[in-house]
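Each chain, letter by letter, is given below.
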Amino acid sequence: NADSYWQADYLTNVGKVMNRSNYRNSPYAEFDFDDLAPGYWFEFEVFATNYLGAYSSSTVSIEKKALPAPNVDIQGTAIQSTTRSLKTVFVVDTAMPDLSCGKFNVSDSLIYKWTNFET
């Protein structure tokens, strides 16, 4: 949705990254800090095809925040199974992104809030 010049510029940047990765037949798509527009979500899909023409794909979503926010992941697979007799433990990995404007250590001040929701 490129409604303005700067949005169209970001779409051009994304296209250049995709074309460069395709040209190099690379398993990497590397975005510079200013390639993705802040405040937007991006979704990418990659296909891998073998010599028989069989393929598989994977999708990733990226949110480019306008302000630095902690990165958070729950360890393990997205869908986990357990049995009645076993306890379940979630372990969270969090870290603040590297900031080029200075050296700050705010990781000790992170606050965790767990919520339960139905899908």
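From a predicted model like this one, the values you see are computed outputs, not experimental measurements.

### Structural notes on the environment of serine 61
Structurally, serine 61 is set in strand S2 (residues 55–64). Along the backbone, serine 61 and phenylalanine 42 are 19 residues apart, and their C-alpha atoms lie at a distance of 5.6 Å. Apart from residues no more than four positions distant in its own chain, serine 61 is found in contact with Trp41, Phe42 and Glu43. A polar contact of 3.2 Å, which involves the side chain of serine 61, links it to the side chain of glutamate 43.

### Concerning the pattern of salt bridges
Per the stated rule, a full pass over the model turns up 1 salt bridge. Lysine 65 is the partner of glutamate 63 in a salt bridge, and the nearest nitrogen-oxygen pair spans 3.3 Å. The class for glutamate 63 is partly exposed, based on a relative accessible area of 38%. Owing to a relative accessible area of 40%, lysine 65 belongs among the partly exposed residues under this scheme.

### Brief notes about the environment of tyrosine 55
Tracing the backbone shows tyrosine 55 in strand S2. Discounting chain neighbours no more than four positions away, the residues touching tyrosine 55 are Phe47, Ala48 and Thr49.

### Here we look at the pairing of strand S1 (residues 40–49)
As paired elements, S1 and S2 share 10 bridges and run antiparallel to each other. Of the residues in S2, the one forming a bridge with phenylalanine 44 is valine 60. Connecting the antiparallel pair S1 and S2 is a turn made up of 5 residues, with glycine 53 showing a positive phi of about 90 degrees.

### Observations regarding the nonpolar core
If you look at the biggest cluster of nonpolar residues, it comprises 6 residues: Tyr10, Val14, Leu36, Ala37, Phe42 and Phe44. Put simply, the parts of the chain that give this core at least two residues each are helix H1 (5–23) and S1.

### Describing the side chain of aspartate 35
Locating aspartate 35 in the fold gives a position in the loop between H1 and S1. Of the buried charged residues, aspartate 35 lacks a salt bridge, with arginine 20 as the closest side chain of opposite charge at 4.9 Å. Looking at aspartate 35, its side chain comes within polar contact range of the main-chain nitrogen of aspartate 32, at 2.8 Å. Once residues within four sequence positions are removed from consideration, aspartate 35 is found in contact with Tyr10, Asn13, Val14, Val17 and Glu30.

### Things to note about unusual backbone geometry
Its identity is not glycine, yet asparagine 25 carries a phi of approximately 50 degrees, on the positive side. Along the chain, the position of asparagine 25 falls in the loop between H1 and S1. Accessibility expressed as a relative area gives 69% for asparagine 25, which makes it exposed.

Procedures and definitions
Residues numbered from 1 in each chain as written. Predicted model: local features only at pLDDT ≥ 70, side-chain atom pairs only at ≥ 80, totals over all residues. Heavy atoms only, no water. Helix = DSSP H or I, 4+ residues; strand = E, 2+ residues; numbered from the N terminus. Contact = heavy atoms within 4.5 Å. Polar contact = N/O pair within 3.5 Å; in protein donor to acceptor, adjacent residues only side chain to side chain. Salt bridge = Lys/Arg side-chain N within 4 Å of Asp/Glu carboxyl O. Buried < 20%, exposed > 50% of the residue type's maximum accessible area, 1.4 Å probe, protein only. Pairing = 2+ DSSP bridges. Core = buried A, V, L, I, M, F, W, Y, C linked by side-chain atoms within 4.5 Å. Lys, Arg positive; Asp, Glu negative; His and termini not counted.

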